[in-house]
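Listed below, chain by chain, are the residues.
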Amino acid sequence: MHQVKLGIIGGGTVGGGVFDALKRNGDLLSARIGVGLEIVRVAVRDLKKARASKFPAKLLTADWREVVYNPEIQIIVELIGGTTTAREIILAALKLGKPVVTANKALLSAHGEELFAAANKYGTNLYYEASVCGGIPIIKTLREGFVGNRIDALYGIVNGTCNYILTRMKLEGADFAAVLADAQRLGYAETPPDLDIDGHDAAHKTGILASLAHGFWVKPKQVHVEGIRHITALDIQFAQQLGYTIKLLGMVKKVGKYCQVQVSVYPTLIPNAHVLASVNHVFNAVFVRGDVVGDALFYGRGAGKDATASSVLSDLADAALDLTNNTKIRVPPFVSHSCDGSVLPVSEIVSRYYVRLNVVDKPGVMAKISSILAAANIGMSSVVQPEGHEGESVPLILMIHDAKNGAVTKALDKISKLPVIKAKPVMIRVESFA
Ligand code: NAP
Ligand code: HSE
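Figured I'd write up the structure that's included with this text.

What counts and how
Residues numbered from 1 in each chain as written. Chains lettered and ligands numbered in written order. Predicted model: local features only at pLDDT ≥ 70, side-chain atom pairs only at ≥ 80, totals over all residues. Heavy atoms only, no water. 1 Å grid on protein atoms, 1.4 Å probe; cavity = no way out; pocket = protein on both sides within 12 Å on 5 of 7 lines; lining within 4 Å. Points joined across faces, edges and corners; volume = space filled by probe spheres on them. Helix = DSSP H or I, 4+ residues; strand = E, 2+ residues; numbered from the N terminus. Nonpolar A, V, L, I, M, F, W, Y, C, P; charged D, E, K, R; others polar. Buried < 20%, exposed > 50% of the residue type's maximum accessible area, 1.4 Å probe, protein only. Core = buried A, V, L, I, M, F, W, Y, C linked by side-chain atoms within 4.5 Å. Contact = heavy atoms within 4.5 Å. Near = heavy atom within 4 Å. Polar contact = N/O pair within 3.5 Å; in protein donor to acceptor, adjacent residues only side chain to side chain. Areas by Shrake-Rupley, 256 points an atom, 1.4 Å probe, with all protein chains shown as cover. Phe/Tyr/Trp six-rings, centres within 6.5 Å; stacked < 30°, edge-to-face > 60°. Lys NZ or Arg CZ within 6 Å of the ring centre and 35° of its normal. Arc of directions from axis to C-beta. Axes fitted to C-alpha atoms, helices over the stretch in contact; angles between N-to-C directions. Parallel < 35°, antiparallel > 145°, perpendicular 65-115°, else oblique. Left-handed = near helix turned anticlockwise from the far one by under 90°.

**Details of the layout of surface pockets**
Line of reasoning, step 1. Within this model, the second largest pocket holds a volume of roughly 350 Å³.
Line of reasoning, step 2. Contributing to the lining of the second largest pocket are Glu-226, His-230, Thr-409, Leu-412, Asp-413, Ser-416, Lys-424, Pro-425, Val-426 and Met-427.
Line of reasoning, step 3. Ranked by residue count, the leading element in the lining of the second largest pocket is helix H13 (residues 405–416), at four residues.
Line of reasoning, step 4. Class assignment for the residues of the lining of the second largest pocket results in four nonpolar, three polar and three charged.

Below, the structure written as structure tokens:
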């Protein structure tokens, strides 16, 4: 059997997962593809560190160059994360014509255009299935499975850590900080976890999916991002009473104009009847609407050692087969429709809204609020003042009809300045998936 040698750079959660999975299923994978895969070197930062995965000492090195420049090694697997050394490693490997497998969405989001151009220039390929949604093969699906579709909309729960936190807050009333510590211990969170909590990791992934679906590069700055820090147990509870679940949702939606898309990540109220509302814990899901296929749903573990390793193995199989059969760029890494696309500014995004105000409980308050909304041509679909919240100020929940984000933000700013308003309004968008 033809043998392909690989080197892994990074022996942490994912690197260890890939090593263990190849130990467990390497023979099976090789039997299926007809090519043997052998790990020849593994680079880590600290050779003395205790590791859950039992790498033989002879494989380990603290110098990534010993992996990349080893002439025996044909495929480089970058699993260190970050955007500096990882970029250097990948560019060096591509320059040597070596295919690279990476799980690094932060890097692809920041420097993907440069890296894919380098892969093309040096006649090799960059594989990145593990960069989005852990074990769900969503990259392959968009690149290959849906190559004959225009993607009208894509909705994704793409960050395992945030979904894990929101789920446990909802189901157990768990404390945010305690659940985050669990997510870190389980190997789900990025370093630092702010990348997850503040929505940036989800934005990296959503940007990659948007670029892939629409064939033009969506830059990180173009993705409107809001994280989950401001989501409280109170809002989760009110949302539930109104028939919704709060999820951090990545969205890529075609809007009216040719090649104009909404690309955003923000906490969203999802109707409980929608399938995405029941995607819980570390699971991710991507709901894709293609113009030929219609609606399709992909579900699986979005983070963690084994799920992510599964996607790396899939890329390794492709890379090994491409090398063996000399089909290096069988499927271009990014589908290009040569479209001069643009991203819709956040102020133009249209949605429905959940707004929680903290108001002084006295006559005339509602009239003041509704006159500001009416002046901005913003309609309310319902108003709820939950009982049992006695005291000087009480929560008031407004559900707002479809309106532009810019108009709602301005109106809430005015409302927040009313003397009867006791805290900054909480605004969470509502998605109807129409
Ligand atoms: P991790 O557990 O922190 O592991 C990082 C590894 O890289 C460690 O083994 C570290 O060595 C090594 N490393 C760091 N700098 C290095 C350098 N300059 N030279 C050689 N080795 C170096 O991170 P991870 O969770 O495995 O994540 C790796 C990548 O996968 C990231 O891009 C992440 O975004 C992505 N990803 C992670 C998950 C997940 O669930 N964790 C899922 C999908 C994608 P030491 O062990 O000696 O410190
Ligand atoms: N930190 C990421 C998450 C890892 O929680 O989804 C998987 O990409």
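**A word on unusual backbone geometry**
Line of reasoning, step 1. Looking along the chain, the bond that leaves Thr-191 and enters Pro-192 is cis, with omega of 0°.
Line of reasoning, step 2. Position of Pro-192 relative to the elements: it lies in the loop between helix H7 (176–185) and helix H8 (194–197).
Line of reasoning, step 3. Positive phi is not limited to glycine here, since Cys-133 has a value of about 65°.
Line of reasoning, step 4. By secondary structure assignment, the location of Cys-133 is in the loop between strand E6 (126–127) and helix H5 (138–145).
Line of reasoning, step 5. Exposure remark for Cys-133: the relative accessible area of 0% places this residue in the buried category.

**Notes on the nonpolar core**
Line of reasoning, step 1. Ile-76, Ile-138, Leu-142, Ile-228, Leu-269 and Val-288 are the most contacted members of the largest nonpolar core, which has 86 residues in total.
Line of reasoning, step 2. If near-sequence neighbours (up to four positions away) are discounted, Ile-228 is found in contact with Cys-162, Ile-165, Leu-166, Phe-176, Ile-197, Leu-248 and Pro-267.

**Looking at the site of ligand 1**
Line of reasoning, step 1. In the vicinity of ligand 1, 24 residues are found, and the nearest of them are Asp-46, Lys-49, Arg-51, Glu-190 and Gly-304.
Line of reasoning, step 2. Within the side chain of Arg-51, a nitrogen or oxygen atom sits 2.7 Å from an oxygen atom of ligand 1.
Line of reasoning, step 3. One of the side-chain N or O atoms of Glu-190 is found 2.8 Å from an oxygen atom in ligand 1.
Line of reasoning, step 4. Burial of ligand 1 by the protein chains amounts to 86% of its free accessible area of 900 Å².
Line of reasoning, step 5. Tallied by class, the residues present in the shell around ligand 1 amount to eight nonpolar, 10 polar and six charged.

**What to know about empty space enclosed by the protein**
If a probe as big as a water molecule is rolled over the atoms, it shows which places are left empty.
Line of reasoning, step 1. Under the definition given, this model contains four cavities of 30 Å³ or more.
Line of reasoning, step 2. A volume near 90 Å³ is recorded for the largest cavity.
Line of reasoning, step 3. Those elements that provide at least two residues to the lining of the largest cavity are H5 and helix H11 (305–325).
Line of reasoning, step 4. Taken together, the residues that form the lining of the largest cavity break down as four nonpolar, one polar and eight charged.

**Notes on the side chain of Ser-131**
Line of reasoning, step 1. Position of Ser-131 relative to the elements: it lies in the loop between E6 and H5.
Line of reasoning, step 2. Classification of Ser-131 as buried rests on a relative accessible area of 0%.
Line of reasoning, step 3. Among the polar contacts listed, one links the side chain of Ser-131 to the backbone oxygen of Tyr-128, at a separation of 2.7 Å.
Line of reasoning, step 4. Those residues in contact with Ser-131 that sit more than four places away from it in its chain are Thr-102, Ala-103, Asn-104, Lys-105, Leu-108, Lys-205 and Ile-208.

**Details of the packing of aromatic side chains**
Aromatic rings considered in pairs are described by the distance between their centres and by the relative angle of their planes.
Line of reasoning, step 1. Enumeration over the complete set of coordinates arrives at nine aromatic pairs.
Line of reasoning, step 2. With a centroid separation of 6.1 Å and 55° between ring planes, the pair formed by Tyr-155 and Phe-287 is classed as tilted. Of this pair, Tyr-155 sits in strand E7 (residues 151–157) while Phe-287 sits in strand E11 (residues 283–290); the two residues are 132 residues apart in sequence, bridging distant segments of the chain. In this pair, the class of Tyr-155 matches that of Phe-287, namely buried.
Line of reasoning, step 3. Seen in terms of ring centroids, Tyr-164 and Tyr-188 are 5.5 Å apart; in terms of plane orientation they differ by 75°. Their pairing is edge-to-face. Within this pair, whereas Tyr-164 is found in helix H6 (residues 160–172), its partner Tyr-188 is found in the loop between H7 and H8, the two being separated by 24 residues in sequence. There is no split in this pair, since Tyr-164 and Tyr-188 are both buried.
Line of reasoning, step 4. A connected cluster of aromatic rings, assembled from ring pairs, spans Phe-116, Tyr-128 and Trp-217.
Line of reasoning, step 5. Residue placement shows Arg-429 over the ring face of Tyr-266; its charged tip is 4.1 Å from the ring centre.

**Some points on the site of ligand 2**
Line of reasoning, step 1. Among the 13 residues in the neighbourhood of ligand 2, the closest are listed as Lys-105, Gly-160, Thr-161, Tyr-188 and Asp-196.
Line of reasoning, step 2. A distance of 2.6 Å separates a nitrogen atom of ligand 2 from a polar backbone atom of Tyr-188.
Line of reasoning, step 3. Here ligand 2 has 250 Å² of accessible area as a free molecule, and 94% of this is covered by the chains.
Line of reasoning, step 4. Here the residues of the shell around ligand 2 are counted per class, giving four nonpolar, four polar and five charged.

**Quick notes on H7**
Line of reasoning, step 1. Buried residues of H7: Phe-176, Val-179, Leu-180, Asp-182 and Ala-183, and no others. Axial view of H7: buried residues confined to an arc of 155°, hence all on one face. Residues of H7 that are exposed and angled more than 90 degrees away from the buried face: Ala-177 and Arg-185.
Line of reasoning, step 2. Of the surrounding secondary structure, the elements contacted by the buried residues of H7 are H6 and H8.
Line of reasoning, step 3. Backbone geometry just downstream of H7 places Gly-187 in the positive-phi region, at approximately 80°.

**Quick notes on the packing of H6 against H7**
A pair of packed helices is characterised by two quantities: the angle between their axes and the separation of those axes.
Line of reasoning, step 1. Where H6 meets H7, the closest approach of the two axes is 9 Å, and the angle between their N-to-C directions is 135°. By the criterion of interaxial angle, the relationship of H6 to H7 is oblique. Pair H6 / H7 crosses with right-handed handedness. Between H6, through Thr-161, Tyr-164, Ile-165, Arg-168 and Met-169, and H7, the contact on the second element is made entirely by Phe-176, Val-179, Leu-180, Asp-182 and Ala-183.
Line of reasoning, step 2. Taken together, the residues that form the contact of H6 with H7 break down as seven nonpolar, one polar and two charged.

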